[in-house]
Amino acid sequence: MFRPITNHKLGNLLVYLATKIQPLYLTKTLKLLYLIDETSVREIGVPVTWLDYQVWKLGPIPKELFIELRHNVKEFYQDKKISLDDYVRVEKIPNPVKNQFDSYIIKPNTEFDDGEFNDYEIDLIDRIIAENKNLSSVKLVEKLHEKGTLWHKVVSTQDLQRIFGLEQNRSNHTIDFTQLLVEDLKTLAYKSAYEALTLEEDLF
């Protein structure tokens, strides 16, 4: 969502994560982005990246970003290609064991630019890194699968566990962060930020 507007910020967030956590695997990257956005919505009503997260077997996944980083497929917005190439690169580490998944590591291509981040966002990102830096991708997946999480609620209400059990790893259901907006001020903050980005995107 709003990728033409948020690309520079997202790119620098990936640079920051890849600088602070080494090696930074793709799966872990996607989980950290989700935790950053969810925590930000819980605390102030507005996500940091405005990515859309789909409910997949391995947890919330920003589909478009996953495809871009994993398969190097770029998105086009009004005939303009949006890319993260100036910010990060993905290095594939082949698995020596046959029929096992390869690893993908995110590495920075530039220095971190904090120009689009406020003090709260930097503090939040540092907190998420500190809390999860030493957790494996598997542990992060388990964390986001816990009962009561937004992922778990969608899986339960939409009977996705049965679908996932049939060796289907993806669904088109998305995480709705507005479920976290229990206070009027946070709801207002979300709506105001959403409307501002919508207007900016229309002018892109």
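Residues numbered from 1 in each chain as written. Predicted model: local features only at pLDDT ≥ 70, side-chain atom pairs only at ≥ 80, totals over all residues. Heavy atoms only, no water.

A. Examining the overall build of the chain more closely. Summing up its helical and strand segments, the chain has eight helices and seven strands in all. Computed over C-alpha atoms, the radius of gyration of the chain comes to 17 Å, within 12% of the 17 Å expected from 2.2 N^0.38 for 204 residues, which places it in the range of a compact globule. Oriented by its inertia axes, the alpha-carbon framework of the chain measures out at about 50 × 40 × 35 Å. Split into buried and exposed, the 204 residues of the chain put 44% on the buried side. Nonlocal contacts in the chain, meaning residues at least 24 apart in sequence, comprise 64% of its contacts between residues at least 6 apart. Roughly 11,400 Å² of accessible area belongs to the chain as shown, and the carbon and sulfur atoms make up 49% of that amount. Averaging the locations of the 26 positively and 32 negatively charged side chains of the chain gives two centres separated by 9 Å. (Helix = DSSP H or I, 4+ residues; strand = E, 2+ residues; numbered from the N terminus. Rg over C-alpha atoms; globule rule 2.2 N^0.38 Å. Buried < 20%, exposed > 50% of the residue type's maximum accessible area, 1.4 Å probe, protein only. Contact = heavy atoms within 4.5 Å. Areas by Shrake-Rupley, 256 points an atom, 1.4 Å probe, with all protein chains shown as cover. Lys, Arg positive; Asp, Glu negative; His and termini not counted. Charge placed at Lys NZ, Arg CZ, Asp CG, Glu CD.)

B. Highlighting the packing of aromatic side chains. This structure, assessed with the given rule, holds twelve aromatic pairs. With a centroid separation of 5.1 Å and 85° between ring planes, the pair formed by tyrosine 34 and tyrosine 53 is classed as edge-to-face. Of this pair, tyrosine 34 sits in helix 2 (residues 26-44) while tyrosine 53 sits in the loop between helix 2 and strand 2 (54-56), and the two are 19 residues apart along the sequence. Overall, the relative accessible area of 1% leaves tyrosine 53 in the buried class. Look at tyrosine 190 and tyrosine 194: their rings are 6.4 Å apart centre to centre, the planes differ by 15°, and that puts the pair in the stacked class. Taken together, the residues span about one helical turn, with tyrosine 190 and tyrosine 194 both in helix 8 (residues 184-202) at a distance of four residues. (Phe/Tyr/Trp six-rings, centres within 6.5 Å; stacked < 30°, edge-to-face > 60°.)

C. Structural view of the packing of helix 1 (residues 3-20) against helix 2. Taken N-terminus to C-terminus, the directions of helix 1 and helix 2 make an angle of 115°; their axes are 11 Å apart at the nearest point. In this structure, helix 1 crosses over helix 2, and the sense of that crossing is right-handed. In this structure, helix 1 uses Leu10, Leu13, Leu14 and Leu17 to contact helix 2, whose residues at the interface are Thr29, Leu32, Leu33 and Ile36. In the contact of helix 1 with helix 2, the residues fall into seven nonpolar, one polar and no charged. (Axes fitted to C-alpha atoms, helices over the stretch in contact; angles between N-to-C directions. Left-handed = near helix turned anticlockwise from the far one by under 90°. Nonpolar A, V, L, I, M, F, W, Y, C, P; charged D, E, K, R; others polar.)

D. Broad picture of the nonpolar core. Leu17 and Leu33 are the most contacted members of the largest nonpolar core, which has 55 residues in total. Beyond its immediate sequence surroundings of up to four residues, leucine 33 is in contact with Leu10, Leu13, Leu14, Leu17, Thr49, Leu51, Tyr53 and Leu65. (Core = buried A, V, L, I, M, F, W, Y, C linked by side-chain atoms within 4.5 Å.)

E. Inspection of a negative patch on the surface at higher detail. A cluster of acidic residues, Asp113, Asp114, Glu116, Asp119 and Glu200, forms a negative patch on the protein surface. Position of glutamate 200 relative to the elements: it lies in helix 8. Taking the relative accessible area as the measure of exposure, glutamate 200 reaches 42% and is therefore partly exposed. (Patch = residues over 30% accessible without salt bridge, like charges linked within 9 Å, V, L, I, M, F, W, Y side chains within 5 Å. Salt bridge = Lys/Arg side-chain N within 4 Å of Asp/Glu carboxyl O.)

F. Fine view of unusual backbone geometry. The omega torsion of the bond from glutamine 22 to proline 23 falls at -5°, within 30 degrees of zero and hence cis. The backbone of tryptophan 50 shows a phi angle near 65°, a positive value even though the residue is not glycine. Checked against the element boundaries, tryptophan 50 lands in the loop between helix 2 and strand 2. Positive phi is not limited to glycine here, since aspartate 159 has a value of about 55°. Considering the arrangement of structural elements, one finds aspartate 159 in the loop between helix 6 (150-157) and helix 7 (160-165).

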